[in-house]
Amino acid sequence: MCGIFSLIIYSITSSCFIRLLTVFRGIRYIDKGNMLSVCTSADTILLVLLFLIIMTFCALFEIGGLLHSYSMAQVGRKTDIWSMMIVGLRTCSKTMHPKNWLMILFVMILFPLTGLITLSNIAYKMEIPSFIELGIAANPLFAVSFNIVYTLLILAEIAVFFSINIYVLQKKSFLQSCADSWKLGRGRILNTVVCMLVLSLITNTAILLFVKLFFHSGTTADAVRLILSAVFVPPVNNAGITALFYQYYEEDESLAGINQYVFRTVEPALRHKVFLALAAALLLSGSLFYYAHKYAFLADPVERPMVCAHRGDNVHAPDNSYEAFEAAVSEDLPWIELDVQLTADNIVVAEHDQTLQRRFGINRAVAAMTYNEILQYTVTGISDSRYKDVRITTLEDVLLLAKENDMLVQIETKPSNKKKGLEEEVLRIVEETGMHDKVMIISLDSPSITKIKELDPDTTTAHAVMMTWRDYADVEDADNLSAEIGTVTPYLVSELHKAGMDVFCWTADDPSDIQYLVSCGVDVIGTDDPVMVNEELKEADLSGGIRRCFYLMMHVLADMER
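Okay, so let's go over this structure. (Residues numbered from 1 in each chain as written. Predicted model: local features only at pLDDT ≥ 70, side-chain atom pairs only at ≥ 80, totals over all residues. Heavy atoms only, no water.)

### Re the overall build of the chain
The criterion, for reference: To qualify as a helix, a DSSP run of H or I must reach at least 4 residues; to qualify as a strand, a run of E must reach at least 2; elements of each kind are numbered from the N terminus. For the exposure calls, accessible area comes from a 1.4 Å probe over protein chains only, and a residue counts as buried if that area is under 20% of its type's maximum, exposed if over 50%, partly exposed in between. In this description, contact between two residues means that some pair of their heavy atoms is separated by no more than 4.5 Å. Residue-level accessible areas treat just the shown protein chains as cover; the underlying method is Shrake-Rupley with a 1.4 Å probe. Only four residue types enter the charge count, namely Lys and Arg as positive and Asp and Glu as negative; His and the chain termini do not. To locate a charge, take atom NZ for lysine, CZ for arginine, CG for aspartate or CD for glutamate.
Helices and strands together make up the secondary structure of the chain, namely 22 helices and 11 strands. Each of the three principal axes of the chain carries a C-alpha extent, and together these read 90 × 50 × 50 Å. Burial statistics for the chain: of 562 residues in total, 47% are counted as buried. Across the chain, every contact between residues at least 6 apart in sequence was considered, and the portion connecting residues at least 24 apart equals 65%. In the form shown here, the chain has an accessible surface area of approximately 27,500 Å², with 62% of it arising from carbon and sulfur atoms. Taken as two groups, the 44 positive and 65 negative side-chain charges of the chain have centres that lie 12 Å from each other.

See below:
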């Protein structure tokens, strides 16, 4: 029940958070240009803290009820859900006192950040956003600092392992609970850690064996494993901590030190039961109605998406090479995609990176070399002898190849601070090759898209994004959206379709992602391995209704598990 209602509260609170942030900041969407200012603003920080505090109280409510039930079991008495709810509410009420606000930080930071032990269902939802993790990993100083802080947090969590038990079971402040937890666990840390590791191993092994016995590997198996973990891991962990707590407590002193109100069962008045039942029914039915209305479009079937060879078929040939695009031609694909940059002598070449280090083994910027200088080098690190002499290719050559084979082309501009004029040259080549109506120009750099539209308003453009937030149908100067696969949702696709925009996604290289993207209703799937995607699309289910909802739900849960 806590899991269901915490999920509802999570959804409602996050929706309100987004709407309030939209009002306070006066923005319609987040992109690379405004992300930093939005994330560092005072109102954003305050709203995030408020959101996390609400989620923390949901977790405390669940933990308090569980610890009450295990304490009753310890003394051989029965309890009921009403008594569990009362203790959960008492725990939340106690935490509202200023002297106990550190408990909020304890639950809000240590649980989700360390992932050391999960004590509540809501902890599965309180995670560090992936783009923050990627940002930390990309900076060596941040990565080292994060690892040091992470280690210190784990040590702190182990040192006050039983603080929640003491906090719930006794009338003590959070700091007093931490001090008592240290006294109780001191000298027993190794035993505690080993016991909890063994318990975790047994629990997860049992779940894994169950999934292996009754489900095949893949998206559904991952989803079932997550569901079982969310249902069983928190109560099992709470049971293990409680068992150790009472064992150590009995070794040190009598159980008389625990306040007896924890063991008290409560029978609410009939009117209270009716009120709570009606409130729960109203919250549940209201949420179901809201989401049924919001996602009514899922009842409709979807169309099979087209496939785009991302940087050509670069599973079978070097990326962004003429040979990779020829491979895409041989596979009869409707779309190809390439990245372009400008050389020192204004030749537009197919290259993703700012330097030639990765592909050609020379640590020099593309913008600092002429086209003829770059032609002296061949692609390195290729084991296939057929591609040992592959050299850089030009946008013009790729467009002429696409024109001969009636293919559509996505051109991703990679502007450089060292070299101006990329957009002008790209448009000139598009016009000269007669590919104006067969090309869509995309970029992660929104000013580049704006410049394209200023130069030629009739050119089709798409904003490429690594995260999507709010009303992307209002993105200036973009006719379509090109979204990283992790940001694609069925609701986003539906809203953009209503606005007359197509949704392109990249880069789908995992077979388990293809059915999800199909069920989302995307228009074009970008991939490094178009052969694999085409094979998966042959088996994809295009139906709507229950089956479509099932595929979406299974993938979301499996993705959380991964």
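Back to the text.
### Some thoughts on the pattern of salt bridges
As a reminder, the rule being used: Should a side-chain nitrogen of Lys or Arg be within 4 Å of a carboxyl oxygen of Asp or Glu, the pair is scored as a salt bridge.
Evaluated as defined, the whole model comprises 19 salt bridges. When the shortest N-O distance is used, the salt bridge between aspartate 541 and arginine 547 registers 2.6 Å. Looking at aspartate 541, the relative accessible area reads 15%, which means it is buried.

### Digging into the side chain of threonine 487
For threonine 487, the location among the structural elements is in the loop between β9 (480-484) and α19 (490-498). Of the residues examined, threonine 487 reaches a relative accessible area of 9% and is grouped as buried.

### With respect to helix α4 (residues 81-95)
Defined as follows: To estimate how far a helix should reach, multiply one less than its number of residues by 1.5 Å. Polar contacts, as used here, are pairs of N or O atoms within 3.5 Å; protein pairs need one atom able to donate a hydrogen and one able to accept it. Residues neighboring in sequence count only if both atoms are side-chain atoms.
Over its 15 residues, α4 runs 21 Å from end to end, which matches the ideal 21 Å to within 8%, given 1.5 Å per residue. The set of residues buried in α4 consists of Ser83, Val87, Gly88, Thr91, Cys92, Lys94 and Thr95. Here α4 starts with a cap whose side-chain oxygen sits 3.1 Å from the backbone nitrogen of tryptophan 82, and that cap is aspartate 80.

### Side note on a negative patch on the surface
To keep it simple, the criterion reads: Surface patches are defined over residues having more than 30% relative accessible area and no salt bridge, joining like charges when they lie within 9 Å and nonpolar side chains (Val, Leu, Ile, Met, Phe, Trp, Tyr) when within 5 Å.
A cluster of acidic residues, Asp509, Asp510, Glu536 and Glu539, forms a negative patch at the surface. The topology assignment puts aspartate 510 in the loop between β10 (503-506) and α20 (511-520). Aspartate 510 gets classed as partly exposed once you look at its relative accessible area, which sits at 31%.

### Considering helix α21 (residues 530-539)
We count it as follows: By definition, the arc is the one covered by directions from the helix axis to the C-beta atoms.
Pro530, Met532, Val533 and Leu537 are the residues of α21 that are buried. The buried residues of α21 occupy an angular sector of 155° when the element is viewed end-on, so they sit on one face. Away from its buried face by more than 90 degrees, α21 exposes Lys538 and Glu539. Each element contacted by the buried residues of α21 is listed here: β1 (306-310), α20 and β11 (524-527).

### Overview of the packing of helix α17 (residues 422-432) against helix α18 (residues 446-455)
Condition: Helix axes are fitted to C-alpha atoms over the stretch in contact, other axes to C-alpha atoms as well, and angles between N-to-C directions run from 0 to 180 degrees. Throughout, the term roughly parallel applies to angles under 35 degrees, roughly antiparallel to angles over 145, roughly perpendicular to angles from 65 to 115, and oblique to all others. Crossings are sorted by hand: turned counterclockwise from the far helix by less than a right angle, the near helix makes the crossing left-handed, and turned clockwise it makes it right-handed. In this count, Pro and Cys sit with the nonpolar residues alongside Ala, Val, Leu, Ile, Met, Phe, Trp and Tyr, while Asp, Glu, Lys and Arg are called charged and the others, Gly among them, polar.
Following both chains from N to C, one finds α17 and α18 inclined at 50°, their axes separated by 10 Å at the closest point. Taken together, the axis directions place α17 and α18 in an arrangement best described as oblique. Viewed along their axes, α17 and α18 form a crossing whose handedness is right-handed. For the pair α17 and α18, the contacting residues are Glu423, Glu424 and Leu427 in the first and Ser448, Lys451, Ile452 and Leu455 in the second. Partitioning the contact of α17 with α18 into residue classes produces three nonpolar, one polar and three charged.

### A look at a nonpolar patch on the surface
Together, Val144, Ile148, Leu152 and Leu155 make up an exposed nonpolar region whose accessible area comes to about 390 Å². Mapped onto the secondary structure, isoleucine 148 falls in helix α7 (residues 140-159).

### Here's the deal with unusual backbone geometry
The step from tryptophan 506 to threonine 507 runs through a cis peptide bond, and the omega angle for that step is -10°. As for its position among the elements, threonine 507 is in the loop between β10 and α20. Phi is positive for arginine 311, which is not a glycine, with a value near 60°. You can see arginine 311 is positioned in the loop between β1 and α13 (322-330).

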